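Summary of the model geometry
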Number of protein chains: 2
Amino acid sequence: MAGTRRHGAGRGRPTLEEVAARAGVGRGTVSRVINGSPRVSDRTRTAVEQAVAELGYVPNRVARALAANRADAVALVIPEPETRLFAEPYFSDIIRGVGAELADTDLQLLLTLIRTPKERQRLADYLSAHRVDGVLLVSVHADDPLPDLLERIEMPAVLSGRRSAHETVPYVDSDNTGGAQSAVEHLIGRGRSTVATITGPLDMYVAQCRLEGYSAAVRAAGREVEPGLVASADFTEEGGRSAMRRLLDQRPDLDAIFAASDVMAAGARQVLREHGRGVPDDVAMVGFEDSAVARHMDPPLTSVRQATEEMGRAMVRVLLEEIEGLSDRTSKRPQVVLPTQLVRRESS
Amino acid sequence: MAGTRRHGAGRGRPTLEEVAARAGVGRGTVSRVINGSPRVSDRTRTAVEQAVAELGYVPNRVARALAANRADAVALVIPEPETRLFAEPYFSDIIRGVGAELADTDLQLLLTLIRTPKERQRLADYLSAHRVDGVLLVSVHADDPLPDLLERIEMPAVLSGRRSAHETVPYVDSDNTGGAQSAVEHLIGRGRSTVATITGPLDMYVAQCRLEGYSAAVRAAGREVEPGLVASADFTEEGGRSAMRRLLDQRPDLDAIFAASDVMAAGARQVLREHGRGVPDDVAMVGFEDSAVARHMDPPLTSVRQATEEMGRAMVRVLLEEIEGLSDRTSKRPQVVLPTQLVRRESS
DNA sequence: AGGTACGGTGGGAGCGCTCCCAGCTGTGAT
DNA sequence: ATCACAGCTGGGAGCGCTCCCACCGTACCT
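Cut-offs and rules
Residues numbered from 1 in each chain as written. Chains lettered and ligands numbered in written order. Predicted model: local features only at pLDDT ≥ 70, side-chain atom pairs only at ≥ 80, totals over all residues. Heavy atoms only, no water. Helix = DSSP H or I, 4+ residues; strand = E, 2+ residues; numbered from the N terminus. Rg over C-alpha atoms; globule rule 2.2 N^0.38 Å. Buried < 20%, exposed > 50% of the residue type's maximum accessible area, 1.4 Å probe, protein only. Contact = heavy atoms within 4.5 Å. Areas by Shrake-Rupley, 256 points an atom, 1.4 Å probe, with all protein chains shown as cover. Lys, Arg positive; Asp, Glu negative; His and termini not counted. Charge placed at Lys NZ, Arg CZ, Asp CG, Glu CD. Near = heavy atom within 4 Å. Polar contact = N/O pair within 3.5 Å; in protein donor to acceptor, adjacent residues only side chain to side chain. Pairing = 2+ DSSP bridges. Axes fitted to C-alpha atoms, helices over the stretch in contact; angles between N-to-C directions. Core = buried A, V, L, I, M, F, W, Y, C linked by side-chain atoms within 4.5 Å. Nonpolar A, V, L, I, M, F, W, Y, C, P; charged D, E, K, R; others polar. Domains from an automatic or database assignment. Salt bridge = Lys/Arg side-chain N within 4 Å of Asp/Glu carboxyl O. pLDDT = per-residue confidence, 0-100. UniProt positions renumbered as here; feature names shortened; annotations may be inferred. Parallel < 35°, antiparallel > 145°, perpendicular 65-115°, else oblique. Phe/Tyr/Trp six-rings, centres within 6.5 Å; stacked < 30°, edge-to-face > 60°. Lys NZ or Arg CZ within 6 Å of the ring centre and 35° of its normal. Expected span 1.5 Å × (residues − 1).

An unreviewed UniProt entry lists chain A under the name LacI family transcriptional regulator, from Streptomyces malaysiensis subsp. samsunensis.

A few points about the overall build of chain A
Assigned secondary structure in chain A consists of 14 helices and twelve strands. Relative to the globule expectation of 20 Å for 348 residues, the C-alpha radius of gyration of chain A, 26 Å, shows a markedly less compact shape. Within chain A, the proportion of its 348 residues that are buried is 57%. Long-range pairs, those at least 24 residues apart, make up 71% of the contacts in chain A between residues at least 6 apart in sequence. Summed over all atoms, the accessible surface of chain A reaches about 14,300 Å², with 48% contributed by carbon and sulfur. Chain A carries 44 positive and 49 negative side-chain charges, and their two centres are separated by 6 Å.

A few points about the protein's contact with DNA strand D
Near DNA strand D there are 27 residues, and of these Y57(A), R27(B), T29(B), R32(B) and T44(B) occur at the shortest range. Counting only atoms of DNA strand D within 4 Å of the protein, the sugar-phosphate share comes to 59%. Residue S31(A) places a side-chain N or O atom 2.7 Å away from a phosphate oxygen belonging to DNA strand D. Contact between DNA strand D and R64(A): a phosphate oxygen at 3.1 Å from a side-chain N or O atom of the residue.

Section: the sheet that holds strand β6 (residues 195-199) of chain B
Residues and elements named next belong to chain B. On the basis of which strands lie adjacent, the open sheet formed by six strands has the order β7-β6-β8-β9-β10-β12 and mixed pairing. Lying at the two open borders of the sheet, with one neighbouring strand each, are β7 (230-232) and β12 (340-343). The average angle at which neighbouring strand axes cross in this sheet is 15°, direction not considered. Across the sheet, helix α10 (residues 205-220) touches β6, β7, β8 (256-259), β9 (284-289) and β10 (302-306), and the angle it forms with β6 is around 170°.

Quick notes on the nonpolar core
Core analysis: the biggest nonpolar cluster contains 50 residues, and L136(A) and L136(B) have the highest contact counts within it. For L136(A), the contacting residues outside a window of four places in its chain are V74(A), A75(A), L76(A), V77(A), V98(A), V158(A), M315(A), V316(A) and L319(A).

Side note on the protein's contact with DNA strand C
Neighbouring DNA strand C are 29 residues, the closest being R27(A), T29(A), R32(A), T44(A) and L16(B). Sugar plus phosphate, as a fraction of atoms of DNA strand C within 4 Å of the protein: 62%. With respect to DNA strand C, the backbone of A67(A) contributes an N or O atom lying 3.5 Å from a base oxygen. At the level of secondary structure, the elements contributing two or more residues to the surface near DNA strand C comprise α2 (27-34) and α4 (61-68) of chain A together with α2 (27-34) and α4 (61-68) of chain B. Split by residue class, the surface near DNA strand C holds eleven nonpolar, ten polar and eight charged.

Comments concerning the sheet that holds strand β7 (residues 230-232) of chain A
Either a parallel or an antiparallel arrangement is found when strands of a sheet pair, and the pairing is made through backbone hydrogen bonds. All names here are of chain A. Reading across from one edge, β7-β6-β8-β9-β10-β12 is the order of the six strands in this open sheet, with mixed pairing throughout. For this open sheet the edge positions go to β7 and β12 (340-343), each flanked by a neighbour on one side alone. Each adjacent strand pair in this sheet contributes to an overall mean axis angle of 15°, direction not counted. Summarising the sheet, strand β9 (residues 284-289) and strand β10 (residues 302-306) pair through four bridges and their orientation is parallel.

Topic: the domain arrangement of chain A
Here chain A is described as being made up of domain 1 (16-59), domain 2 (73-174 + 309-339) and domain 3 (176-306). The straight-line distance from the C-alpha centre of domain 1 of chain A to that of domain 2 of chain A is 36 Å.

Here's the deal with unusual backbone geometry
Following V279(A), the chain continues into P280(A) via a peptide bond in cis, with omega recorded as 5°. Along the polypeptide, P280(A) turns up in the loop between α12 (262-274) and β9. At the junction of D298(B) and P299(B), the peptide bond is cis and its omega measures out at 0° in the coordinates. Here P299(B) lies in the loop between α13 (292-296) and β10. Although it is not a glycine, D72(A) adopts a positive phi angle of roughly 55°. Topologically, D72(A) is positioned in the loop between α4 and β1 (73-79). Look at S139(A): it is not a glycine, yet its phi comes out positive at around 45°. With respect to the secondary-structure elements, S139(A) resides in the loop between β3 (134-138) and α8 (146-152). In this structure S139(A) comes out as buried when scored by relative accessible area, which is 13%.

A look at the pattern of salt bridges
The full count for this structure, using the stated rule, is 38 salt bridges over all chains. A salt bridge links R251(B) to D253(B), with the nearest nitrogen and oxygen atoms 3.0 Å apart. Residue class for R251(B) comes out buried when judged on its relative accessible area of 18%. A cluster of three or more residues bridged by salt bridges with shared partners is formed by E101(A), E310(A), R313(A) and R317(A).

Some thoughts on the confidence of the model for chain A
Taken over all residues, the pLDDT of chain A has a mean of 89, while the share at 70 or more is 92%. Long-range and interchain partners of residues 1-10 of chain A, a stretch whose pLDDT sits below 50, account for 27 contacts in this model, where long-range means more than four residues apart.

Focus on the UniProt feature "domain: HTH lacI-type" (unreviewed entry) in chain A
Those residues carrying the UniProt feature "domain: HTH lacI-type" (unreviewed entry) are residues 14-68 of chain A in this numbering. Secondary structure across residues 14-68 of chain A divides into 69% helix and 0% strand, with the first and last C-alpha atoms of the span separated by 20 Å.

Details of the packing of helix α1 (residues 16-23) of chain B against α2(B)
The relative placement of two packed helices comes down to the angle between their axes together with the axis-to-axis distance. Residue and element names in this part refer to chain B. Viewed as axis vectors pointing N to C, α1 and α2 meet at an angle of 105°, and their least axial separation amounts to 8 Å. Taken together, the axes of α1 and α2 are roughly perpendicular relative to one another. Counting all contacts with α1, which are made through L16, E17, V19 and A20, the residues of α2 involved are R27, V30 and S31. For the contact of α1 with α2, a count of residues per class yields four nonpolar, one polar and two charged.

A look at the packing of aromatic side chains
Residues and elements named next belong to chain A. One pass over the structure, following the stated rule, counts two aromatic pairs over all chains. A ring pair is formed by F258 and F288, whose centres lie 6.3 Å apart and whose planes are at 65°; its orientation type is edge-to-face. On the criterion of sequence distance, the pair formed by F258 in strand β8 (residues 256-259) and F288 in strand β9 is long-range, its members being 30 residues apart. We note that F258, like F288, is buried. Over the ring of F288 we find R210, and its NZ or CZ is 3.7 Å from the ring centre.

So, helix α7 (residues 117-128) of chain B
In this model, α7(B) (twelve residues) spans 17 Å end to end at C-alpha, consistent with the 16 Å of a helix rising 1.5 Å per residue. By the burial criterion, the buried members of α7(B) are E119(B), L123(B), A124(B), Y126(B), L127(B) and S128(B).

What follows is the structure, given as structure tokens:
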């Protein structure tokens, strides 16, 4: 008689209590059956299950969340100023992995895009307002206050990617250094003598790692890392273009490029074309990420593939561990590094 | 003393009751202030607001949801077998639009990927289990039972794209017919005499519309729609390749292609290259979607841009209307069609 | 026979809100 | 002075669960 409420579905839906009445047992017993507690006799369990089936009972998760003081949900937080990253398949893959791994749980996935500081504040409120059991953070910057905030309120969290070499928060990352190294080794192995690199913004740890991998491979080949062969950009296509111009200017003799992202490689490719340099004949190229861009370039771009979807899955697994083991903060924080793989195409 | 609970944050957080005590008012009054009810005197409001600030009170949304019988959340449902679509920026853009529009509300965004029929069932359970106030459905197939299920349980829902010309459920779609038509008109306007098209799967309404647009433009130019100039594919790159081969086989004299998606255009482009046909000199091309693929093609692909992000925003607006007006089912269901825009690049 | 143990069970006491009704106050009409 | 009627306000009664404690009966011990 309360008038039509905002939420049409659900009213009139059977409750735990009704199931109990129908099965001729107490509320507690039904709850135990629903939650799979072993301390229920088979006979009782069967009776309850039948009542559940007959009534078409579905537990009210909101009530459960309130009573049990948990949310049955985790948040995936995406800082959206990173539009460039967002457009990449990277996020799709992460989301797919997260979704897949979560499907086996009965946790919900909450998606939170953060555009402004105001929204970040709002997020903080949400998080402390009992809405989620844990948080997945994608592509946080080194100076992002969120991880520490979460730490403070004891909210389980997992990062995709480290903020620095000494990351304290649990994370899942891919082997950027190793991937970059194998890319450059490949280039050198193909007989290239003057391998340049276009790096990401060096205040990002991921960019540092990829540069580190480049340097390691160069040194392993008994060569020196020459400043003239290193140009840093910002992971954008335009950045790739201008870095390539600088490189060509400084070292017109270069015969290979390792770009720390496919998109930058695409930009570089354009500049090479403008300068009449053929790929791979004059200049061999390798990118990083193995995104759609790589496959669609002409010629298709050799690239370092990260197991992005697997990263999503791993993040969830780690998060679940964290949620489970909340009590013993003593145990060391799980940190996972996933291998990468060089996908060879015609550009090298 | 209840032992460490699963959820670390939140315990010990101030409640409505404590705020009321501090402000020296009743629970009801605090609730009214929090929810912006006008029936509170300014003095009282100020006192409450101060108490809220002092205590750092944040409402427990779970409790609110239980008491008010709503969820303060909407679900974005994505059928994930559509991996191909998922990788496209399409979803990113929809999500961004949805997120942006939702940010002004205090509704949460729940992301649900559906892989299997089992998961679809699970979703149905969720939906009826009071977890969301409404549902956004992306790229549903004509035979998907979900929209009707939602209709039945009176759950507000909005589709992105129609299932057929006579869609009954509220939807937001882009003007596929008009977009295709303008693309083909453009081709014809550039002096092309033999314009072919690569369509999507014709059991999808969106593919039908784009073909319809093609036909309309051809007829408007006083020509006939020749079967030999129409090849249907499945929106994939490989599909684009084989369709292009068939086309070339049937009508080696063609001098323009309208592909119903950029990805198929990319596939077609490869085949053209293999056959030594230059773009745009021998064959002009236009795609649909204006995705990253289009920009990265060589030459960059002219394409029909859809306002995808705006679609996401519009979907939310429509959904909110639906949620609001749940009572009067008599009012007609909102249906929105967004315009498209031809983005000209070097391929035409 | 009396005691102990324990698997199994019922139901009270909340979780933190919203809703709503009764009551309280002050104002203006009578 | 009395009454009516607003505008505000307090707090009881839930929302549908989980948690936990008391209790039951039976089986097994001494």
